[in-house]
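Structural description and commentary
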Amino acid sequence: MKRWPSLTLFTVILFALWLLLNDSLAPGQLLLGLILTVIIAASTAAIRPLRAHPHHLLTAVGLLFVVLIDIIRSNIAVAGIILGPAKRRFSSGFMKIPLDLRDPYGLAALACIITATPGTIWAGLSPDGGTLTIHVLDLQDEGAWVRTIKQRYERRLMEIFE
Amino acid sequence: MNGMLPWAISFALIAVALAMIFAAIRLLRGPAAEDRVLALDTLYVNGMILVLTLGIQFGSRFYFDIALLIALFGFVGSAAMAKFLLRGEVIEP
Amino acid sequence: MTMDEIPFWADLLGSLLLISGGLLTLIGSLGLLRLPNLFARMHGVTLGNTLGLGCVLLASILIASIHAERFVFQEVLITLFMISTSPVTTILLMRSGIYRKRADTEKEPVSGQDTN
């Protein structure tokens with residue numbers, strides 16, 4: 001019974017996905033979805049190595065909007081670089097960022113956020129987990145990138161997962 | 001009577017088709033194997049966008065299923081190829 | 001279902017979304033040709049993967065909902081799927097690019113074949 005809370009959340013998400021995929025609320029679909037999701041959730045519970053402890057769900061919603069706005073903004077910026085003069089296209093490179101986040105789920109979320117935002121790609125984490133390497137397309141001002149990632153994403157992720 | 005949407009659909013179709021041509025050029029020319037995998041990844045996302053646009057044009061929900069399947073198989077394919085380039089093996093014992 | 005029974009605002013919004021989605025996809029793939037090396041090219045691809053696809057999906061939700069006269073949002077499934085999978089491919093490719101480049105330079109420092 002220790003796994004119960006995260007198991008129910010997983011089941012609810014799977015159930016919602018099943019109903020969305022079938023696009024119906026018929027009783028048959030409800031029953032089939034319920035049976036399938038409970039079986040799948042019970043059989044995958046054994047292979048999930050770690051449990052996440054997310055809290056502050058309001059911060060998560062805020063983070064979602066921050067990431068959406070950043071994706072739109074950096075889409076425009078990267079489009080400008082691609083269409084712009086040749087000089088700006090050759091300013092890409094790797095940079096290192098010191099990291100305080102340790103929770104594996106938080107790191108996974110950070111990897112998704114950094115990679116999904118055009119202009120930055122996650123390139124690796126040092127073995128001790130203290131330094132993050134990212135690849136930046138527009139490497140003019142390293143300090144600005146460090147500030148963006150640490151203050152906009154990492155602080156919120158630490159609030160959610162730690 | 002309001003004829004803006006068909007024009008927009010045609011525009012999007014042409015743009016995405018051009019994008020697929022660009023990706024195909026990179027696929028044929030790419031110097032490293034990673035470039036080719038990247039181009040293939042782009043190609044399947046562009047194909048999915050094309051299918052979704054066609055779905056808007058014909059007003060049919062079947063195109064959504066096709067797009068979902070393209071997304072599933074495209075991800076499996078390019079992830080397997082990227083994994084192979086990284087480790088020399090896709091499924092490690 | 002014919003095209004000429006959608007209201008004006010949906011026509012305008014759908015057209016804007018489709019045009020910007022198509023343009024973003026085109027620019028992203030143009031980046032594949034114009035950017036100088038592999039690592040830079042990956043950024044161009046993300047453009048079509050995120051907002052290009054997102055715009056087209058929003059347009060599809062809008063038009064399908066108006067045709068069906070209820071809220072159809074199955075396209076959210078594709079969005080969720082792409083959000084969770086496209087970073088995986090990109091990170092794997094990034095790491096294999098770094099790894100193979102390092103393996104190349106360790107073997108022969110002046111490699112003529114690698115034009116990156």
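Here, residues in each chain are numbered from 1, in the same order as that chain's written sequence. All chains are assigned letters beginning at A, and all ligands numbers beginning at 1, according to the order in which they are written. Under the rules for a predicted model, residues below a pLDDT of 70 receive no local features and side-chain atom pairs below 80 are neither given nor counted, while totals for whole chains, interfaces and linings still include all residues. Water and hydrogen atoms were dropped before computing side-chain values, which therefore reflect all heavy atoms in the structure.

Comments concerning the pairing of strand S2 (residues 120–125) of chain A
Residue and element names in this part refer to chain A. For each residue, the accessible area found with a 1.4 Å probe, counting protein chains only, is set against the maximum for its type, and the residue is called buried under 20%, exposed over 50%, and partly exposed in between. Put simply, DSSP H or I for four residues or longer makes a helix, DSSP E for two residues or longer makes a strand, and each gets a number counted from the N terminus. For S2, the tally of buried residues reaches five of six residues, placing the bulk of the element in the interior. Strand direction decides the pairing type here: S2 and strand S3 (residues 131–136), joined by five bridges, are antiparallel. Paired with Leu125 across the two strands is Leu132, which belongs to S3. Strands pair, by our definition, only if DSSP identifies at least two bridges between them. Count of turn residues in the S2/S3 antiparallel hairpin: five residues, of which Gly129 carries a positive phi of about 80 degrees.

A few points about the domain arrangement of chain A
Under the domain assignment, chain A is made up of domain 1 (4–47) and domain 2 (57–161). For domain 1 of chain A versus domain 2 of chain A, the distance between C-alpha centres works out to 33 Å. For the purposes of this description, domain bounds are those given by an automatic or database domain assignment.

Details of the UniProt feature "transmembrane region" (unreviewed entry) in chain A
Residues and elements named next belong to chain A. UniProt positions are given in the numbering used here, feature names are shortened, and annotations may be inferred rather than shown by experiment. Residues annotated in UniProt with the feature "transmembrane region" (unreviewed entry) correspond here to residues 32–50, 57–84 and 104–125. A distance of 40 Å separates the end C-alpha atoms of residues 57–84, which is 96% helix and 0% strand. Overall, residues 104–125 shows 59% helix and 27% strand. The separation of its end C-alpha atoms is 12 Å.

Some remarks on the interface of chain B and chain C
In many reports, interface size means the accessible area that the parts give up when they come together. Every residue pair with non-hydrogen atoms within 4.5 Å of one another is taken to be in contact. With 48 residues of chain B in contact, the opposing surface of chain C contributes 54 residues. Using a 1.4 Å probe, buried area is obtained as the accessible area two parts lose upon being combined, added over both of them. Between chain B and chain C lies a buried interface of about 4700 Å² when both sides are counted; carbon and sulfur atoms form 74% of it. Here a salt bridge means any side-chain nitrogen of Lys or Arg lying within 4 Å of a carboxyl oxygen belonging to Asp or Glu. Where chain B packs against chain C, one counts three salt bridges. Glu75 of chain C serves as the salt-bridge partner of Arg61 of chain B, at 3.2 Å between the closest nitrogen and oxygen. Identification of polar contacts relies on pairs of N or O atoms within 3.5 Å, with a donor-acceptor requirement for protein atoms, meaning one able to donate a hydrogen and the other able to accept it, and with residues adjacent in sequence counted only if both atoms are side-chain atoms. If you look at where chain B meets chain C, you find seven residue pairs in polar contact (both at pLDDT 80 or more). Breaking the side of chain B that touches chain C down by element, the ones donating at least two residues are helix H1 (4–29), helix H2 (33–58) and helix H3 (62–87) of chain B. Broken down by element, the residue count for the side of chain B that touches chain C peaks at 17 residues, all from H2 of chain B.

Some thoughts on the UniProt feature "transmembrane region" (unreviewed entry) in chain B
Residues and elements named next belong to chain B. When the UniProt feature table is mapped onto this chain numbering, "transmembrane region" (unreviewed entry) sits at residues 6–25, 37–56 and 62–86. A helix fraction of 100% and a strand fraction of 0% characterise residues 6–25, whose end C-alpha atoms lie 29 Å from each other. When the span residues 37–56 is considered, its composition is 100% helix and 0% strand, and the gap between its end C-alpha atoms is 29 Å.

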